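Residue-level structure breakdown
What follows is the residue order along each chain.
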Amino acid sequence: LIAKINTQKPALVVNLGDLIYGYGLRGKEKQWDRYQAVVKTIDVPYYQVPGNHDTHSKDARKVYGRRFGKFYQSFDFDDCHFVLLDNTEAQHWGYLGPAQLRWLEADLKRTEKRSVFVFLHFPVWEPERITPEYYQFWAQTLHPLFKQYRVRAVFAGHYHTYGPTREFDGIHYFITGGGGAELRP
């Protein structure tokens, strides 16, 4: 896939998590070594968010933190602001903790860029695919925040399908199919 990405010459690449298989302790460091060697061959700026395979336990989070430092971040490119979130905190699928939420709100408030794009692993806007608690968190907290601060689109992975694509209040929500495992119908 990287060869295909490089021939397309995108401005940048964002990976939506599940960077390695990760589960179990055996071979995890070798998986990370291989992953890091492979992504170095991407010709453009490369960013990532952690997925459940990457941070499935406290030990796995420590390894991820030691290797990459950041679990969430933002950056600007042209007239756009990109926000990369970690909604795998505390080993809960869809959870975004209070410190990260405070950071997110401050980050969105600070940007003056015309368009904002958000990236995370779990598509928390899909009520049948996430716990009711995290869906409510999206509906009552995240989506209103996205609406307030010019978010144009939100991208998530996790599910090995493309879509469904949703639109709420003019914000497009995408589920990408991923690039490694088999796609599901």
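A few points on the structure. (Residues numbered from 1 in each chain as written. Predicted model: local features only at pLDDT ≥ 70, side-chain atom pairs only at ≥ 80, totals over all residues. Heavy atoms only, no water.)

Looking only at helices and strands, the protein features five helices and eight strands. Helices (α) and strands (β) of the protein occur, in sequence order from the N terminus, as α-β-α-β-α-β-β-α-β-α-β-β-β. Taking 2.2 N^0.38 as the reference for a compact globule, 185 residues should give roughly 16 Å; the C-alpha atoms of the protein span a radius of gyration of 16 Å, in line with that estimate. Each of the three principal axes of the protein carries a C-alpha extent, and together these read 45 × 35 × 35 Å. Across the 185 residues in the protein, those meeting the buried criterion constitute 46%. In the protein, of all internal contacts separated by at least 6 residues, the share reaching a separation of at least 24 is 67%. In the structure as shown, the protein presents an accessible area of about 10000 Å², 54% of it carried by carbon and sulfur atoms. Of note, the protein has its 24 positive side-chain charges centred 5 Å away from the centre of its 20 negative side-chain charges. (Helix = DSSP H or I, 4+ residues; strand = E, 2+ residues; numbered from the N terminus. Rg over C-alpha atoms; globule rule 2.2 N^0.38 Å. Buried < 20%, exposed > 50% of the residue type's maximum accessible area, 1.4 Å probe, protein only. Contact = heavy atoms within 4.5 Å. Areas by Shrake-Rupley, 256 points an atom, 1.4 Å probe, with all protein chains shown as cover. Lys, Arg positive; Asp, Glu negative; His and termini not counted. Charge placed at Lys NZ, Arg CZ, Asp CG, Glu CD.)

We now examine the nonpolar core. Counting residues in hydrophobic clusters, the biggest one holds 27 residues, and the most contacted among them are Leu104, Leu108, Val118, Phe146 and Val154. Sorting the residues of this core by element identifies helix H4 (98-110), strand E5 (115-119), helix H5 (132-148), strand E6 (151-156) and strand E8 (171-175) as the ones contributing at least two each. Broken down by element, the residue count for this core peaks at six residues, all from H5. Each residue touching Val118, except ones within four places of it in the same chain, is listed here: Val83, Leu85, Phe146, Val151, Ala153, Val154 and Phe155. In terms of nonpolar packing, the next biggest core, distinct from the first, is built from 13 residues, Val13, Ile20, Tyr35 and Val63 among them. (Core = buried A, V, L, I, M, F, W, Y, C linked by side-chain atoms within 4.5 Å.)

This brings us to the packing of H4 against H5. As a packed pair, H4 and H5 sit with axes 10 Å apart at the nearest point and diverge in direction by 25 degrees. By the angle class used here, H4 and H5 are roughly parallel. Together, Leu101, Leu104, Glu105 and Leu108 of H4 and Phe137, Thr141, Leu142, Leu145 and Phe146 of H5 make up the contact between the two elements. A class-by-class count of the residues in the contact of H4 with H5 yields seven nonpolar, one polar and one charged. (Axes fitted to C-alpha atoms, helices over the stretch in contact; angles between N-to-C directions. Parallel < 35°, antiparallel > 145°, perpendicular 65-115°, else oblique. Nonpolar A, V, L, I, M, F, W, Y, C, P; charged D, E, K, R; others polar.)

According to the stated counting rule, one finds 21 aromatic pairs in the structure shown. Centre to centre, the rings of Tyr47 and Phe75 are 3.8 Å apart; their planes meet at 10 degrees, and the pair counts as stacked. Separated by 28 residues along the polypeptide, Tyr47 in strand E2 (residues 46-48) and Phe75 in strand E3 (residues 73-77) bring together distant segments of the chain. For Phe75, a relative accessible area of 11% gives the class buried. Chaining the aromatic ring pairs together yields one cluster made of Tyr47, Phe75, Phe82, Phe117, Phe119, Phe155 and Phe174. Directly above the ring of Phe71 sits Arg61, whose terminal nitrogen or CZ lies 4.2 Å from the centroid. Over the face of the ring belonging to Tyr159 we find Arg129, whose NZ or CZ atom lies 4.5 Å from the ring centre. (Phe/Tyr/Trp six-rings, centres within 6.5 Å; stacked < 30°, edge-to-face > 60°. Lys NZ or Arg CZ within 6 Å of the ring centre and 35° of its normal.)

What follows is about the environment of Glu112. One can find Glu112 in the loop between H4 and E5. On the accessibility criterion, Glu112 (76% relative accessible area) is exposed. Along the sequence, Glu112 and Thr55 sit 57 residues apart, while their C-alpha atoms lie 32 Å from each other.

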